[in-house]
Number of protein chains: 2
Amino acid sequence: MKEKSKPYVIGVDLGGTNTVFGIVDASGKIICEAGIKTGKYASAQDFVTAGVACVRPLIEKVGGIQTIQGMGIGAPNANYYKGTIEFAPNLPWAHKGVVPLAQMFQTELDIPVKMTNDANAATMGEMKYGAGKSLKDFIVITLGTGVGAGIVINGQLVYGHDGFAGELGHVIVDHGKDARLCGCGRKGCLEAYCSATGVARTAREMLTTTDTPSQLREKPLDTIESLDVAIAASKGDQLALNIFNFTGRILGQACADFAAFSSPEAFIFFGGLCRSGELIMKPIRESYEQSVLKIFKGKAKFLISPLMDTNAAVLGASALAW
Amino acid sequence: MKEKSKPYVIGVDLGGTNTVFGIVDASGKIICEAGIKTGKYASAQDFVTAGVACVRPLIEKVGGIQTIQGMGIGAPNANYYKGTIEFAPNLPWAHKGVVPLAQMFQTELDIPVKMTNDANAATMGEMKYGAGKSLKDFIVITLGTGVGAGIVINGQLVYGHDGFAGELGHVIVDHGKDARLCGCGRKGCLEAYCSATGVARTAREMLTTTDTPSQLREKPLDTIESLDVAIAASKGDQLALNIFNFTGRILGQACADFAAFSSPEAFIFFGGLCRSGELIMKPIRESYEQSVLKIFKGKAKFLISPLMDTNAAVLGASALAW
């Protein structure tokens, strides 16, 4: 017989700078949270010891460990199947090897611990508490420093045979010789165009190669960030709108390819760029409808995550633990 | 309580010209088969009546309808969820509307009937009897007149929210202005390069734009087919090998994008082009390993379907019925 679920789970957002622990209830409410500096510890064991010391008082606040169903961790380079963090360049205690972090927390806390990467955690969050609650087939695209994705098919998150599926930031959107170099070392990746860094790059290119007047010209070229573009676009700045149209066109075309793969009912967008609302969503939709195979036209919804103003990373990670 | 499986299923390969009915056992042996002309009938009901008259003697041969678990149909433009054929351009009795073919056969035969498209049926065949028997995550790519695909994730065929997932012949592999026009009306689709028609097109292009000596120059340009290229390649003809390298490079790059999506353990290729074995598989593998994201390198297998010399379409359709 299946045991009745306990009322709370712990969500852990393990980032390059901070690690935040939150106690979350089944409705997606974060009851309390606290954090530690991720990089302050020399060894993975020191990090776990500090993390446990940080989360214990939170657990006591909601009635002790017997009220906790489990812990979910969202972390860079996390392997869902093995519960490990593998060669994570930004984590001093995990950049040179494989750390069985899920098992280490499980041993200390004596509750089940699951771990996945950041984008998959965000996707679990959408499925449990967000725009994916009533959907069985959808794709979450996170537009941040990079472009991440989580794919849900028939109600299940897609991990692939090795746990690394959903790297949609690294599909090739430009096969040409002059395609942009991506951080992954390859050329023409979606991420090189549609991440925050990609948008800033487009801005610098368009400022250099066109004469379109723009308030962006008031800033030194190498300090322009995607936020500057968003602010300018919101004021009707034509060059900024051109940058959004370029970005949206590429995202829409990429989504048309994703539709050919898994035919999702919705694409859910998450991240800073989405705060510009229709200014970015309209070119995405228009480009998608223009590009997509006839049988898919007019079917997919394009949504903005409703979780953006919450601590979505903690929420998403917590969703792993139910 | 689940009833014990009956010993046989019926597989139906519904093609533009012929429709073949086969009785198949659990090991994938086709016990007996018979067929009718698909296009000879004015209405769907006439087609079903003729089909039932054709399959009844086969059913009697294996001991009557009580030995049959069900029927699976592989058909163009088939909707798995609804059991319908929708606007199939090559079927006179289904080109203008929606035909509930699964239900029509079910009513006549009083056994469960499932239907899906040709590529998905081929994929079910690989999963039940072929190269996918021991795999949970794989992609079947059918290289025929068109390029079709079936995607298996976590042991389940991917249908998508509307039943039309897996249209990998129509992902865009060339975003350039001069990309080839595809039969779907869009430009740059994988199918425009890597189908049998695409290979013939590459041959005509290379014969026109290069001076490489080739036995292919002995044929009139507009009569060259992909089979001619395969024969020439098998004899070491350099131009034919160049055509295979070009085709394999595009397929390998496309598979690298598919890996970023679902990270399959294997790609299984099916169709005439695969009969050239390593001549086509080697460039596919090399291009894949060169193109794919680092975390996927060296992981995926590239296999040729072992079902190619059987009546794979009947087998695949039959796999739906278990």
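Right above here is the structure, for reference.
Residues numbered from 1 in each chain as written. Chains lettered and ligands numbered in written order. Predicted model: local features only at pLDDT ≥ 70, side-chain atom pairs only at ≥ 80, totals over all residues. Heavy atoms only, no water.

Within a beta sheet, neighbouring strands are joined by backbone hydrogen bonds and run either parallel or antiparallel to one another. Residue and element names in this part refer to chain A. Here five strands make up an open sheet; going across it, the order is 11-10-9-12-13 and the pairing mixed. In this open sheet, the two strands that pair with only one neighbour each are strand 11 (156-157) and strand 13 (301-304). With six bridges joining them, strand 9 (residues 138-143) and strand 10 (residues 147-153) adopt antiparallel strand pairing. Directly across from Leu143, in strand 10, lies its bridge partner Val147. Of the strands in this sheet, strand 9, strand 10, strand 11 and strand 12 (266-270) are in contact with helix 3 (residues 118-129), which crosses strand 10 at around 45°. (Pairing = 2+ DSSP bridges. Helix = DSSP H or I, 4+ residues; strand = E, 2+ residues; numbered from the N terminus. Contact = heavy atoms within 4.5 Å. Axes fitted to C-alpha atoms, helices over the stretch in contact; angles between N-to-C directions.)

Here chain A sits on chain B after a turn of 180° about the axis and a move of 0.0 Å along it, with an RMSD of 0.0 Å. In the structure described here, the two chain copies are related by an operation that fits a two-fold rotation axis. With an isologous cut-off of 70% or more, the 100% of interface residues of chain A that recur at the interface of chain B puts this contact in the isologous class. (Least-squares fit on C-alpha atoms with pLDDT ≥ 70 in both.)

What follows concerns the packing of aromatic side chains. All names here are of chain A. Enumeration according to the criterion identifies 26 aromatic pairs over all chains in this entry. On the basis of an interplanar angle of 20° and a centroid distance of 4.4 Å, the ring pair of Phe47 and Trp93 is categorised as stacked. Pair noted here: Phe47 is in helix 1 (residues 44-61) and Trp93 is in the loop between strand 6 (84-86) and strand 7 (98-99), with a separation of 46 residues, a long-range link. Here Phe47 falls in the buried class, since its relative accessible area comes to 1%. On the basis of an interplanar angle of 65° and a centroid distance of 4.8 Å, the ring pair of Tyr288 and Phe302 is categorised as edge-to-face. Here the residue Tyr288 occupies a position in helix 8 (residues 278-291), and Phe302 occupies one in strand 13, the gap between them amounting to 14 residues. Residue classification places Phe302 among the buried residues on the basis of a relative accessible area of 11%. (Phe/Tyr/Trp six-rings, centres within 6.5 Å; stacked < 30°, edge-to-face > 60°. Buried < 20%, exposed > 50% of the residue type's maximum accessible area, 1.4 Å probe, protein only.)

Turning to the packing of helix 3 (residues 118-129) of chain B against helix 9 (residues 312-319) of chain B, a few remarks are in order. Residues and elements named next belong to chain B. For the pair helix 3 and helix 9, the least separation of the axes is 7 Å and the interaxial angle reads 80°. Between helix 3 and helix 9, the crossing angle belongs to the class labelled roughly perpendicular. Note on element contacts: helix 9 touches helix 3 through Leu315, Gly316, Ala317, Ser318 and Ala319, opposite Ala121, Ala122, Met124, Gly125, Lys128 and Tyr129. Grouping the amino acids of the contact of helix 3 with helix 9 by side-chain chemistry returns seven nonpolar, three polar and one charged. (Parallel < 35°, antiparallel > 145°, perpendicular 65-115°, else oblique. Nonpolar A, V, L, I, M, F, W, Y, C, P; charged D, E, K, R; others polar.)

Residues and elements named next belong to chain B. Tracing the backbone shows Gly198 in helix 5 (residues 196-209). The class of Gly198 is buried, set by a relative accessible area of 1%. The sequence separation of Gly198 and Thr223 amounts to 25 residues, and the corresponding C-alpha distance is 14 Å. In this structure Gly198 touches Arg180, Glu191, Ala192 and Tyr193, once residues within four positions along its chain are discounted.

A few words on unusual backbone geometry. Excluding glycine, residues mostly have negative phi values, and the peptide bonds linking residues are mostly trans. Residue and element names in this part refer to chain A. In this model, Phe87 sits at a positive phi of 45°, which is unusual for a non-glycine residue. Assignment of secondary structure puts Phe87 in the loop between strand 6 and strand 7. For Phe87, a relative accessible area of 48% corresponds to the partly exposed category. Within the chain, Asn154 stands out as a residue other than glycine whose phi angle is a positive 55°. Note on placement: Asn154 falls in the loop between strand 10 and strand 11.

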